[in-house]
Amino acid sequence: MKLYHSSDVLVKTPDTIHSRDYLDFGRGFYLTSIHEQAVKYAQRFLRRQREAWLNTYEFEFEPLEWKILKFDSYDKDWLNFIANCRAGKDSTNFDLVIGGIANDRVIQTLDRYFAGELSENETLGLLKYEKPNIQYCIRSQKMLDECLKHIESRQL
């Protein structure tokens, strides 16, 4: 499958070292299968007067060989996993986590949830109206090295 990664640099050889802590699905290399989503995300670099690159990869893996967590919707499990990752309390060892992105509106909702302003049910109720999106977080360097092959990088 074809996956995209937006960055302010060309990324021919991805790694997990350059990932920030406390992201949606923890430390890892983040990608999406939605071209439009990747291009839109790259616009944030241009708005900051930086270069924007759309890096394209082929991702092939045998699911039974890897430890994978997949969220099919914004649900209680997704919410709890994101909350743990963003709080630095994730101790799982998944090679790959797949699920919805916490975009700007989602982050505002999550902030209200973390602050105790919204209950779990209220938070999930607000999140169910979000436009579908997807992110793939490859959290193990081994999976990056063995399953993700760089196709091209295009400056936007």
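Structure: see above.
A brief structural summary. (Residues numbered from 1 in each chain as written. Predicted model: local features only at pLDDT ≥ 70, side-chain atom pairs only at ≥ 80, totals over all residues. Heavy atoms only, no water.)

### Some remarks on the sheet that holds strand 2 (residues 29–31)
Then, number 1: Strand order in this open sheet of four strands is 2-6-5-4, and the pairing throughout is mixed. Looking at strand neighbours, the two that pair on one side only are strand 2 and strand 4 (68–70), the edges of this open sheet. Averaged over all pairs of adjacent strands, the angle between their axes in this sheet comes to 15°, without regard to strand direction.
Then, number 2: In terms of strand pairing, strand 2 meets strand 6 (residues 135–138) through three bridges, oriented antiparallel. The partner of L31 across the bridge, within strand 6, is Y136. (Pairing = 2+ DSSP bridges. Helix = DSSP H or I, 4+ residues; strand = E, 2+ residues; numbered from the N terminus. Axes fitted to C-alpha atoms, helices over the stretch in contact; angles between N-to-C directions.)

### Some points on helix 4 (residues 120–127)
Then, number 1: For helix 4, every residue scored as buried is listed here: T123, L124 and L127. On an axial view of helix 4, the arc spanned by its buried residues comes to 95°, and they lie on one face. (Buried < 20%, exposed > 50% of the residue type's maximum accessible area, 1.4 Å probe, protein only. Arc of directions from axis to C-beta.)

### Here we look at unusual backbone geometry
Then, number 1: Its identity is not glycine, yet Y22 carries a phi of approximately 65°, on the positive side.
Then, number 2: Structurally, Y22 can be placed in the loop between strand 1 (2–7) and strand 2.
Then, number 3: The phi dihedral of Q49 is positive, around 60°, even though this residue is not glycine.
Then, number 4: Summarising the element assignment, Q49 is placed in the loop between helix 1 (35–47) and strand 3 (53–59).
Then, number 5: The exposure class assigned to Q49 is exposed, which follows from its relative accessible area of 72%.

### Quick word on the state of the cysteines
Then, number 1: Evaluated as defined, the whole model comprises zero disulfides.
Then, number 2: C85 forms no disulfide, and the closest cysteine sulfur to it belongs to C137, at a distance of 7.9 Å.
Then, number 3: On the basis of relative accessibility, which here comes to 0%, the residue C137 falls in the buried class. (Disulfide = S-S within 2.5 Å.)

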